[in-house]
There are 2 protein chains.
Amino acid sequence: MLAERMRRVRASPIMELIKTTSGGNYLSFASGLPDPALFPLEELRSVTDEVLRTDGVGALQYGAAEGYAPLRQSVAAILRRRGLQATADHVLITTGSQQALDLAARALLNPGDRVIVESPTYLAALQVLESLEAEYRVVPMDADGMRSDALTPSVLNGSRLLYTLPNFQNPSGATMTLQRRREVAGKAAAAGVPVLEDDAYHDLRYEGEALPPVAALAENAHAIYTGTFSKVIAPGVRVGYLWAQPALVERLAQLKQITDLHAGSLTQRVVQAYLQAGHLEPGLERFRTAYARRRDVMLAALETHCSPWLTWNRPAGGMFIFARIKPRAAGTPLDAADLLARAMERGLVFVPGAAFHPDGSGSDTLRLNFVSAPEERIEAGIRILSEVLHEWS
Amino acid sequence: MLAERMRRVRASPIMELIKTTSGGNYLSFASGLPDPALFPLEELRSVTDEVLRTDGVGALQYGAAEGYAPLRQSVAAILRRRGLQATADHVLITTGSQQALDLAARALLNPGDRVIVESPTYLAALQVLESLEAEYRVVPMDADGMRSDALTPSVLNGSRLLYTLPNFQNPSGATMTLQRRREVAGKAAAAGVPVLEDDAYHDLRYEGEALPPVAALAENAHAIYTGTFSKVIAPGVRVGYLWAQPALVERLAQLKQITDLHAGSLTQRVVQAYLQAGHLEPGLERFRTAYARRRDVMLAALETHCSPWLTWNRPAGGMFIFARIKPRAAGTPLDAADLLARAMERGLVFVPGAAFHPDGSGSDTLRLNFVSAPEERIEAGIRILSEVLHEWS
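Residues numbered from 1 in each chain as written. Chains lettered and ligands numbered in written order. Predicted model: local features only at pLDDT ≥ 70, side-chain atom pairs only at ≥ 80, totals over all residues. Heavy atoms only, no water.

A short note on the relation of the copies chain B and chain A
Each copy superposes on the other: chain B lies on chain A with an RMSD of 0.0 Å after a rotation of 180 degrees and an axial shift of 0.0 Å. Here the two chains are linked by the operation of a two-fold rotation axis. Using C-alpha coordinates, one finds that chain B approaches the rotation axis most closely at Asp49 of chain B, a distance of 3.5 Å. Both copies share a contact surface, since 100% of the interface residues of chain B are interface residues in chain A too. (Least-squares fit on C-alpha atoms with pLDDT ≥ 70 in both. Contact = heavy atoms within 4.5 Å.)

So, in structure tokens, the structure goes:
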């Protein structure tokens, strides 16, 4: 009885893993959850009460599909600092950036349309594309991000969307170089392929200078750039945003209205009040300081304990280290799903990387979240991983 | 460049009307907005602070796609009192009931699928169906709701969904009788057509006994029932819900996760704390008392001022009176859109009814919201309407 699109709608293997392990006493490198100890709880309590005290009616009434006007302006200011030409009319406030991806893809894709995706890439974006019955043109990643040389005419021509996550990509942790960004932006624009740029982790940079968005590097009338306050304030408020040309924002707002009328009136005002009160930067600094240290702890632990069996990257930001199991000289290749089963027996969870690979590869990869666990447990977790690898390989 | 579905995605004429008139000093019978003076602001301030004080981490962290477990239980209890067999597993918490309609339709409809709709019907549901490229089988309404005798085999067979709004329908104000509910439920179930029942106004009943949901009156494995806290607490929190069989809820939750991960963690807990604190009933009583009086004021004013030109219904609940312009003996038929243009010159806004009619009829109808304006202004507004009608007809 279900619609055709539901054939490709499935539970997220990560969500299933989190559900399976949520009862037990696991040390988890699996989730994409921020560390709740770092949430700016007192600041949010204070601005929430202020909003209800001073603008209760606005916070509780229906609102415009496009979003709360002052917040659209604040987001535009944030995006200008990132290098995008942005006014409030370029901004649509969404129910988290997941919705921004969903709206963008629904507005642009017919069933069977070809979408250029990185491999590996963000699982929940693949789920959006699956639900829209998209076909993939898979472009490999390396340490410098999407391989722009793989954007050949045969990949570009006939494609209807190019999805990229250029900063501290989930899951690979890779950041696309400026040179590559220019090439990707230029090639997509020249071929008339809209870019859908997912920049959820932009402000979680622990080293180096911020790079301009791909969407800022070429004129591409249907380019859409998405971001979120989930990683820099808190995900529970469900406030994200997208940037596009105003004519496209208007169309996306119509779709947004159909989907859920508008983002929460209360939570949009809470985010706006939080920004107005100047809480964003100090809060970000807390996230960055803690997460950068945890990244370094995990990198050092991997170096100490896992070098014989794994290779991995050093992400400049974000939440994830992506590791690969070294090939064995003989015998069956090692599969990260088997590794997980063994790790779980010892109380450790991570995400096997296959699900992130739209081309079916990646069974030898694993994603390690370095932000959820406190520093002192990260070393312990990596030691468990090394013990399992040692016994197993 | 946009997807095929976007051809049928348009701005809501109501939203456009509200935007056009929002700057001016209009007396509005146009919106579907609750009266913000009745929002339980102090109660919400108190429970919101309690939530952030006692469950700040839960309120700010990511959550399950299905919704916050205690709220799912509370909603199940509410639905059992309405006559539905419901456990928490039957409930999906949504970002307002608009999203419940969107998820239900996305899960069930392929492009070109036939959907049975009432005429007139809820505009934003039609917008959802348009975005899914549905075709309509239109069933007329009368004072007793959907005309169940019009559910003939030729209407039912081959249809993939039956959408109905049985209580105080938006826009008609009609309530479906128990007899009709039984017939609609039975015929849809026998023909294997899933019912999508929109019960957004359930608790805004001002007279008579509550009637059981259509979804409770026949076994229909794919029936989906939707509701919301927007009308009984406040719309700005964006918390709605749907009921379906657990297997279908599971599938809808997968789609929900793709769409926006989950409903707001904070706002779900705020609603749950509000329910737990026992605020719902007293708040509802305030809404009902005020709205019932306004309905009566509007009905009396219509009787006093508009009888020569209009006929209208007496809704047992909800927010809307639906009026029809009496036919003229000669000359062109009167069009409510022309009437609106004249009314706006005198500072009054309402919604012409044509947009609610999927069959293109209804140009002689108008929807009058009786809950947004205070009592003392309702009479003044109806007098303006009568003056315009008098001059014009």
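After that view, the rundown keeps rolling.
Focus on the pairing of strand 9 (residues 240–243) of chain A
Within a regular strand, side chains alternate between the sheet's two faces. Residue and element names in this part refer to chain A. Of the two faces of strand 9, the one holding Gly240 and Leu242 and the one holding Tyr241 and Trp243 are both buried throughout. In the sheet, strand 2 (residues 91–94) pairs with strand 9 via 4 bridges, with the strands oriented antiparallel. Paired with Leu92 across the bridge in strand 9 is Leu242. Summarising the sheet, strand 8 (residues 224–228) and strand 9 pair through 4 bridges and their orientation is antiparallel. (Buried < 20%, exposed > 50% of the residue type's maximum accessible area, 1.4 Å probe, protein only. Helix = DSSP H or I, 4+ residues; strand = E, 2+ residues; numbered from the N terminus. Pairing = 2+ DSSP bridges.)

Points about helix 13 (residues 375–392) of chain B
In this model helix 13 of chain B runs 26 Å from its N-terminal to its C-terminal C-alpha over 18 residues, within 8% of the 26 Å that 1.5 Å per residue would give. Among the residues of helix 13 of chain B, Ile378, Gly381, Ile382, Ile384, Leu385, Ser386, Val388, Leu389 and Trp392 of chain B are the ones counted as buried. (Expected span 1.5 Å × (residues − 1).)

Let's talk about the confidence of the model for chain A
With 100% of its residues at a pLDDT of 70 or more, chain A shows a mean pLDDT of 96. On the interface metric, ipTM, the complex scores 0.96, and its pTM is 0.97. (pLDDT = per-residue confidence, 0-100.)

Observations regarding the interface of chain B and chain A
Facing the 73 residues of chain B at the interface are 73 residues of chain A. Around 6,500 Å² of area is buried between chain B and chain A when both sides are counted, 60% of it from carbon and sulfur atoms. Summed over the three residues of chain B that lose the most area to chain A, namely Met1, Leu60 and Ile258 of chain B, the buried surface amounts to 12% of that side. Here chain B and chain A share 4 salt bridges between them. Taken together, chain B and chain A are joined by 36 residue pairs in polar contact (both at pLDDT 80 or more). Elements with a minimum of two residues in the side of chain B that touches chain A: helix 1 (13–22), helix 2 (41–54), helix 3 (56–60), helix 5 (96–108), helix 6 (123–131), helix 9 (246–260) and helix 10 (265–276) of chain B. Top element by residues in the side of chain B that touches chain A is helix 9 of chain B. It accounts for 8 residues. Here the side of chain B that touches chain A is composed, by residue class, of 35 nonpolar, 22 polar and 16 charged. (Buried area = accessible area lost by both parts, 1.4 Å probe. Salt bridge = Lys/Arg side-chain N within 4 Å of Asp/Glu carboxyl O. Polar contact = N/O pair within 3.5 Å; in protein donor to acceptor, adjacent residues only side chain to side chain. Nonpolar A, V, L, I, M, F, W, Y, C, P; charged D, E, K, R; others polar.)

Description of the side chain of Thr95 of chain A
All names here are of chain A. Considering the arrangement of structural elements, one finds Thr95 in the loop between strand 2 and helix 5 (96–108). Look at Thr95 and you get buried, because its relative accessible area is 4%. One polar contact links Thr95 to Asp260, side chain to side chain, over a distance of 2.8 Å.

Some details on unusual backbone geometry
Omega for the bond connecting Ser119 of chain A with Pro120 of chain A falls within 30 degrees of zero, at 5 degrees, which places this linkage in the cis form. Within the secondary structure, Pro120 of chain A is located in the loop between strand 3 (114–119) and helix 6 (123–131). The omega angle of the peptide bond from Asn170 of chain B to Pro171 of chain B is 20 degrees, so this bond is cis rather than trans. Mapped onto the elements of the fold, Pro171 of chain B is located in the loop between strand 6 (159–164) and helix 8 (178–191). With a phi close to 50 degrees, Phe168 of chain B is a non-glycine residue in the positive phi region. When you line up the elements, Phe168 of chain B lands in the loop between strand 6 and helix 8. A relative accessible area of 1% places Phe168 of chain B in the buried class. Phi at Arg238 of chain B takes a positive value of approximately 55 degrees, unusual for a residue other than glycine. Within the element layout of this structure, Arg238 of chain B appears in the loop between strand 8 (224–228) and strand 9 (240–243).

Quick look at the packing of helix 5 of chain B against helix 9 of chain B
All names here are of chain B. Closest axis-to-axis distance for the helix 5/helix 9 pair is 10 Å, and the angle between their directions is 115 degrees. The handedness of the crossing between helix 5 and helix 9 comes out as right-handed. Of the residues in helix 9, those touching helix 5 at Gln99, Leu103, Ala104, Arg106 and Ala107 are Leu252, Leu255, Lys256, Thr259 and Asp260. A breakdown of the residues in the contact of helix 5 with helix 9 according to their chemical character gives 5 nonpolar, 2 polar and 3 charged. (Axes fitted to C-alpha atoms, helices over the stretch in contact; angles between N-to-C directions. Left-handed = near helix turned anticlockwise from the far one by under 90°.)

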